[in-house]
Every structure is written in structure tokens, then in C-alpha cells.
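Architecture at a glance
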Amino acid sequence: AQKITQTQPGMFVQEKEAVTLDCTYDTSDPSYGLFWYKQPSSGEMIFLIYQGSYDQQNATEGRYSLNFQKARKSANLVISASQLGDSAMYFCAMREGDVTDKLIFGTGTRLQVFP
Amino acid sequence: DAGVIQSPRHEVTEMGQEVTLRCKPISGHNSLFWYRQTMMRGLELLIYFNNNVPIDDSGMPEDRFSAKMPNASFSTLKIQPSEPRDSAVYFCASSFGTSPGQYFGPGTRLLVL
């Protein structure tokens, strides 16, 4: 079974609108971490946001928020007020357990923001 | 502050040649990661070090791949001999202690002909 599933290969959003990128995960470990990364066309991987499994509140970083629904094992990324510069690939990742720092990445979602 | 530095940024080589990729982590970071990104397999962890010690190398494809971290500010990933299927973007990333984020370098785009 896939550890991290991103079911949306591509998404379109109009500038200034909000968009949600889906991510579901699979783990039996009670302690884990969830991450989102952005990869623009230039290729670098940019760390956006982190959510720990024991965190009570959803993580937020500027225009990014993580909609964490533990019972559903989902960790969706919400980008508010989309900008043209948000066009990129977005990857969800999970660190499973406390012992390892290893990240497992999903297949990514390509977001296109249009004017 | 400087981010993770990788060299070279691009490498084109012929099958059978040795390839060495280099990485300088962010100063003060104590964990270093090597990832490979391909269209077929996505982004996958090859190996990671903590305090210069290899912790998990289960992602290293085969004996042709080796990685070293002789000190806290330098790591290499070597492929010998290289094969066309090794063509990929290789990323180095670093992190510090309990801080959750891994910070990636710009990557090395490797093409093996």
C-alpha cells in the first residue's frame, strides 16, 4: 500500500482564489510527521509546512495551512489567495515514527495558477 | 545564510565512468540526506547521516553507489561505474536536531549516456 497518496496529478486555480491539494497517508505508528514541499519549474525543493501527529491545532505558515484530519488520515494543503508564483509541483511527505528522519514522498500535484 | 550547496549542478558522463556528487550542508545542521528524483520512481531517499554517521542506507540501489560524510560540512555520493539508468536529479538536504524541516540543495542533474 502507498504510504502517501496524492490523487490529483494536476490542479488549476484562478489567481486570488484558494485551492486545496489533497494528501492521504497510511501508518500504524502513533507518532509521525507530515510535510509539504513546493518544487517550482527551476527544480529546487522548498519546505512549506509541517504538522506533527500530536499537534492539536492545524499548522499555518502565511498563506499556507494544513488541514489535518487524523481520523481520516488526511493532511491537505490549503493555499489562500493564490498567486502566479504558486504554480509548481507540490509534494506531500511523511516521517513515520520518532526513530527515523526518513521522509516518504507522494507523487506530487502540479498546480497551475492562471490570471 | 547560505543554503545547502551542491556541485556540480549538471553532469554529463558516459556509461562506465565514475561520478562524484558533492554536498555542503547548512552550517550547524547535523543531519544530511541524499535523495534521487526520477519520473518513474519519484523522489526517494538513498541514504542519510546523523552527526556524520550513516543511519539508513536502505535506499541505496546497489553496490555501485556509495556515500561518505568525512566531516560535518561535506558529503559525497559516488557512482562507480555509472549506468544510463542512474540518470536523475540528485538532491542533498540537511536538517537540525528536532527542527522538522529538511532543507534541500538545488540538485545535481546527472545524465549518463
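As a reminder, the structure under discussion sits directly above these lines.
I will try to describe carefully the structure that is included in this document.

Examining the state of the cysteines
- Inspection of every chain in the model, using the stated rule, returns 2 disulfides over all chains.
- With its sulfur 2.0 Å from that of its partner, C23 of chain A forms a disulfide with C92 of chain A. Between C23 of chain A and C92 of chain A, the S-S torsion sits near -65 degrees, and that sign places the bridge as left-handed. Of this pair, C23 of chain A sits in the loop between strand 3 (19–21) and strand 4 (24–25) while C92 of chain A sits in strand 10 (residues 88–96), placing them 69 residues apart in sequence.
- Residue classification places C23 of chain A among the buried residues on the basis of a relative accessible area of 0%.
- Using a relative accessible area of 0% as the deciding quantity, one classes C92 of chain A as buried.
- Each sulfur of the disulfide joining C23 of chain B and C92 of chain B lies 1.9 Å from the other.

Section: the side chain of S95 of chain B
- Summarising the element assignment, S95 of chain B is placed in strand 9 (residues 88–95).
- On the accessibility criterion, S95 of chain B (5% relative accessible area) is buried.

Details of the pattern of salt bridges
All names here are of chain B.
- In the structure shown here, the tally under the stated rule is 11 salt bridges over all chains.
- For D86, the salt bridge identified is with R64, shortest N-O distance 2.7 Å. Taken together, the residues D86 in the loop between strand 8 (74–79) and strand 9 and R64 in the loop between strand 6 (53–56) and strand 7 (65–71) connect sequence positions 22 residues apart. The burial state of D86 is the same as that of R64; both residues are buried.
- Taken together, the shared-partner salt bridges connect E62, R64, E83, R85 and D86 into one network.

Some points on the nonpolar core
- Counting 24 residues, the largest nonpolar core has Y25, W36, I49, L77 and Y90 of chain A as the members making the most contacts within it.
- Only strand 3, strand 5 (32–39), strand 6 (46–52), strand 8 (64–69), strand 9 (74–79), strand 10 and strand 12 (109–114) of chain A provide two or more residues apiece to this core.
- If you tally residues by element for this core, the top one is strand 10 of chain A, at 4 residues.
- In contact with I49 of chain A, other than residues within four places in its own chain, are L34, F35, W36, A59, T60, E61, Y64, S65, L66 and L77 of chain A.
- I26, L46, F49 and L110 of chain B belong to the second largest nonpolar core, which has 21 residues in total.

Looking at the pairing of strand 7 of chain B
All names here are of chain B.
- The pairing of strand 7 with strand 8 spans 5 bridges and is antiparallel. Following the sheet pairing, A67 is matched in strand 8 by L77.
- Counted along the chain from strand 7 to the antiparallel partner strand 8, the turn is 2 residues long.

With respect to the interface of chain A and chain B
- Taken together, the contact pairs 15 residues of chain A with 16 residues of chain B.
- Taken together, the two surfaces of chain A and chain B that pack against each other cover about 1,300 Å², and 57% of this comes from carbon and sulfur.
- Seen at the junction of chain A and chain B, the total is 0 salt bridges.
- Among the elements of the structure, strand 5, strand 6 and strand 11 (103–105) of chain A are those that each provide at least two residues to the side of chain A that touches chain B.
- A total of 3 residues in the side of chain A that touches chain B trace back to one element, the largest contributor, which is strand 5 of chain A.
- Residue composition of the side of chain A that touches chain B, grouped by class: 9 nonpolar, 3 polar and 3 charged.

Calculation criteria
Residues numbered from 1 in each chain as written. Chains lettered and ligands numbered in written order. Predicted model: local features only at pLDDT ≥ 70, side-chain atom pairs only at ≥ 80, totals over all residues. Heavy atoms only, no water. Disulfide = S-S within 2.5 Å. Helix = DSSP H or I, 4+ residues; strand = E, 2+ residues; numbered from the N terminus. Buried < 20%, exposed > 50% of the residue type's maximum accessible area, 1.4 Å probe, protein only. Salt bridge = Lys/Arg side-chain N within 4 Å of Asp/Glu carboxyl O. Core = buried A, V, L, I, M, F, W, Y, C linked by side-chain atoms within 4.5 Å. Contact = heavy atoms within 4.5 Å. Pairing = 2+ DSSP bridges. Buried area = accessible area lost by both parts, 1.4 Å probe. Nonpolar A, V, L, I, M, F, W, Y, C, P; charged D, E, K, R; others polar.

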